[in-house]
Amino acid sequence: MRAVLIDTPGSVRVDSWPDPVLPGPTGAIVAVTAAAICGSDLHFYEGDYPLFQPVSLGHEAVGNVVEVGSEVRSVKVGDHVIVSSVAGCGACAGCATKDPIQCASGAQVFGSGVLGGAQAELMAVPAADFQLLKMPENISTEQALLLTDNLATGWSAAQRADIPLGGTVVVIGLGAVGLCAVRAALFLGAARVFAVDPVAQRRERATKLGATAIAPAAAQAVLAATGGIGADSVIDAVGNDTTLDDALATVRARGTVSVVGVHNLNPYPFPALTGLLKSLTFRMTTAPVQQTWPELIPLLQHGRLNVDDIFTTNLSLDQAAEGYAAVAARSGAHVKVILTP
Ligand SMILES: [Zn+2]
Ligand SMILES: [Zn+2]
């Protein structure tokens, strides 16, 4: 099959890769019909994480089931399915919470070197009953791709940000996750959302959703807008040292910082004394993807939550190099890229 591969930072290639093998009686093989490039795919591309061997990339996919193990019950060959970006064993007490992060065997993310990537013609899915969801009615391909990760992540970020009804929220980083977080924060009762990104065109996207745009850093403008108090909740959808510093400087005393951006491997010098003196709550979250589906899918189906206009760019799988370069440029024009095998 063909797959998006990386073996050196700064370039990806689409090349032949061994066809995946059915991962046991509970597994399935999915023929990918659409995959997306995620900001977190850039960590290999930008050299944040070491590459010891070629990695087949991607963790956001929808597709058709082409093979199932004998013990798979919830999907069958021919079903159109959503694939969770985060995988658990599906059989332990942790996975019973529908949160793969709590898996006793340890969660795995597709396309990170252990499980194969989603930006490929085929992917092997272990514990298919846990990782796969038969495509619900009235869910578009773009919505489904966002349900695999970015919407689940933005939604979880807002849920874990302790947003008071009528509260003030800051969202740092206006990629796909940040734009989902802006919508989730408004949905969950924020009166004001300040949207922070260095790229003007990305800020404009958030303004159209009802947010107030701020160029980084956020702290000064938010303090000025809140009488020196700070924001009730700050969602950091970037998660680097600079944005973490900004989040901690922007949140009010007794407020909450909710981090879903993916840090590099270096330690972060956490200002623990500031956190203590401000009585802060600091939360970090990998989305409990499967757990969010029963909430998010009806909200999307009934038009209560709108995630239109997040995808900007439609390419074929063979154009993956162009797609990665576009995402890495973090421009206003290219926010979220679909790759179609
Ligand atoms: Zn992702
Ligand atoms: Zn498990």
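One structure accompanies this document, and this report is about it. (Residues numbered from 1 in each chain as written. Chains lettered and ligands numbered in written order. Predicted model: local features only at pLDDT ≥ 70, side-chain atom pairs only at ≥ 80, totals over all residues. Heavy atoms only, no water.)

1. What to know about the packing of aromatic side chains
Phase 1 of the analysis: Applying the stated criterion to the full structure yields five aromatic pairs.
Phase 2 of the analysis: Aromatic side chains Phe44 and Tyr49 sit 6.0 Å apart centroid to centroid with 85° between the ring planes, which places their arrangement in the edge-to-face category.
Phase 3 of the analysis: Phe44 gets classed as buried once you look at its relative accessible area, which sits at 10%.
Phase 4 of the analysis: Assessed through its relative accessible area of 21%, Tyr49 is described here as partly exposed.
Phase 5 of the analysis: Centre to centre, the rings of Tyr268 and Phe270 are 6.3 Å apart; their planes meet at 80°, and the pair counts as edge-to-face.
Phase 6 of the analysis: Exposure remark for Phe270: the relative accessible area of 36% places this residue in the partly exposed category. (Phe/Tyr/Trp six-rings, centres within 6.5 Å; stacked < 30°, edge-to-face > 60°. Buried < 20%, exposed > 50% of the residue type's maximum accessible area, 1.4 Å probe, protein only.)

2. A word on the sheet that holds strand 2 (residues 11-16)
Phase 1 of the analysis: Taking strand neighbours across the sheet as the criterion, the three strands line up as 2-1-4 in an open arrangement whose pairing is antiparallel. Each edge of the open sheet is held by one strand with a lone partner, namely strand 2 and strand 4 (55-56).
Phase 2 of the analysis: Bridge count for strand 1 (residues 2-8) against strand 4 is two bridges, and the pairing is antiparallel. Considered in strand 4, the bridge of Ile6 is made with Val55. (Pairing = 2+ DSSP bridges. Helix = DSSP H or I, 4+ residues; strand = E, 2+ residues; numbered from the N terminus.)

3. Things to note about the packing of helix 3 (residues 141-148) against helix 4 (residues 150-159)
Phase 1 of the analysis: Taken N-terminus to C-terminus, the directions of helix 3 and helix 4 make an angle of 55°; their axes are 3 Å apart at the nearest point. On the basis of the axis angle, helix 3 is oblique to helix 4. Taking contact as the criterion, the partners of Leu146, Leu147 and Thr148 in helix 3 are, on helix 4, Asn150, Leu151 and Ala152.
Phase 2 of the analysis: Per-class residue counts for the contact of helix 3 with helix 4 are four nonpolar, two polar and no charged. (Axes fitted to C-alpha atoms, helices over the stretch in contact; angles between N-to-C directions. Parallel < 35°, antiparallel > 145°, perpendicular 65-115°, else oblique. Contact = heavy atoms within 4.5 Å. Nonpolar A, V, L, I, M, F, W, Y, C, P; charged D, E, K, R; others polar.)

4. Digging into the coordination of the zinc ion (ligand 2)
Phase 1 of the analysis: Bound to the zinc ion (ligand 2) are the protein donor atoms Cys89 (SG), Cys92 (SG), Cys95 (SG) and Cys103 (SG), situated 2.3 to 2.4 Å from the metal.
Phase 2 of the analysis: Between the four donor atoms coordinating the zinc ion (ligand 2), the angles at the centre fall across 102 to 119°, so the site counts as tetrahedral.
Phase 3 of the analysis: Within one chain, the residues serving as donors to the zinc ion (ligand 2) are arranged as C-x2-C-x2-C-x7-C.
Phase 4 of the analysis: For Cys89, a relative accessible area of 30% puts it in the partly exposed group.
Phase 5 of the analysis: For Cys92, a relative accessible area of 16% corresponds to the buried category. (Donors = N, O, S within 2.8 Å, 3.2 Å for Na, K, Ca; no water. Tetrahedral: all angles 85-135°; square planar, octahedral: opposite > 155°, others 65-115°.)

5. A word on the coordination of the zinc ion (ligand 1)
Phase 1 of the analysis: Every protein donor of the zinc ion (ligand 1) is listed here as Cys38 (SG), His59 (NE2), Glu60 (OE) and Asp149 (OD), and their distances to the metal cover 1.9 to 2.2 Å.
Phase 2 of the analysis: Taken together, the four donor atoms coordinating the zinc ion (ligand 1) span angles of 99 to 123° at the metal, a pattern that classifies the geometry as tetrahedral.
Phase 3 of the analysis: Donor residues for the zinc ion (ligand 1) sit on one chain with the sequence pattern C-x20-H-E-x88-D. Of this pair, Cys38 sits in the loop between strand 3 (28-37) and helix 1 (42-45) while Glu60 is found in strand 5 (residues 60-68), placing the two residues 22 residues apart along the sequence.
Phase 4 of the analysis: Relative accessible area serves as the criterion here: at 0%, Glu60 is assigned to the buried category.

6. Regarding helix 10 (residues 289-301)
Phase 1 of the analysis: Helix length check: helix 10 (13 residues) gives 17 Å between terminal C-alpha atoms against 18 Å at 1.5 Å per residue, within 8%.
Phase 2 of the analysis: Along helix 10, the helix axis deviates most sharply at Glu295, where the bend reaches about 35°; the proline Pro298 sits within four residues downstream.
Phase 3 of the analysis: Where helix 10 ends, the next residue or the one after it, Gly303, has phi of about 70°, a positive value. (Expected span 1.5 Å × (residues − 1). Bend = angle between axes of the 7 residues up to and from the residue.)

7. Topic: the sheet that holds strand 11 (residues 168-172)
Phase 1 of the analysis: The six strands lie next to each other as 13-12-11-14-15-16, forming an open sheet whose pairing is parallel. If you trace the sheet from one side to the other, it starts and ends with strand 13 (212-214) and strand 16 (281-284), each paired once. The sheet shows a mean angle of 20° between the axes of neighbouring strands, taken without regard to direction.
Phase 2 of the analysis: Strand direction decides the pairing type here: strand 15 (residues 251-259) and strand 16, joined by four bridges, are parallel.

8. What to know about a nonpolar patch on the surface
Phase 1 of the analysis: On the surface, Leu273, Leu276 and Leu277 cluster together into a nonpolar patch covering about 370 Å² of accessible area.
Phase 2 of the analysis: Relative to the assigned elements, Leu277 resides in helix 9 (residues 272-277). (Patch = residues over 30% accessible without salt bridge, like charges linked within 9 Å, V, L, I, M, F, W, Y side chains within 5 Å. Areas by Shrake-Rupley, 256 points an atom, 1.4 Å probe, with all protein chains shown as cover. Salt bridge = Lys/Arg side-chain N within 4 Å of Asp/Glu carboxyl O.)

9. With respect to the pairing of strand 3
A regular strand places its side chains so that they alternate between the two faces of the sheet.
Phase 1 of the analysis: Within strand 3, nine of the 10 residues are buried, leaving the element largely enclosed by the surrounding structure.
Phase 2 of the analysis: Note that strand 3 and strand 5 share eight bridges and pair antiparallel. The partner of Ile29 across the bridge, within strand 5, is Glu67.
Phase 3 of the analysis: Summarising the sheet, strand 3 and strand 9 (residues 122-125) pair through four bridges and their orientation is antiparallel. Bridging across to strand 9, Ala31 finds its partner in Leu122.
Phase 4 of the analysis: When strand 3 meets strand 18 (residues 337-340), the two strands line up antiparallel, connected through three bridges. Across the sheet, Ala36 pairs through a bridge with Ile338, a residue of strand 18.

10. Section: the pattern of salt bridges
In a structure, side chains of opposite charge can pair up when their charged atoms sit close to one another.
Phase 1 of the analysis: One pass over the structure, following the stated rule, counts nine salt bridges.
Phase 2 of the analysis: Across the pair Glu60 and Lys336 runs a salt bridge whose closest N-O atoms are separated by 2.6 Å. Residue Glu60 is found in strand 5, and its partner Lys336 is found in the loop between helix 11 (320-329) and strand 18; the two are separated by 276 residues along the sequence.
Phase 3 of the analysis: Given the relative accessible area of 1%, Lys336 is considered buried.
Phase 4 of the analysis: Connected through shared salt-bridge partners, Asp7, Arg13 and Asp15 make up one network.

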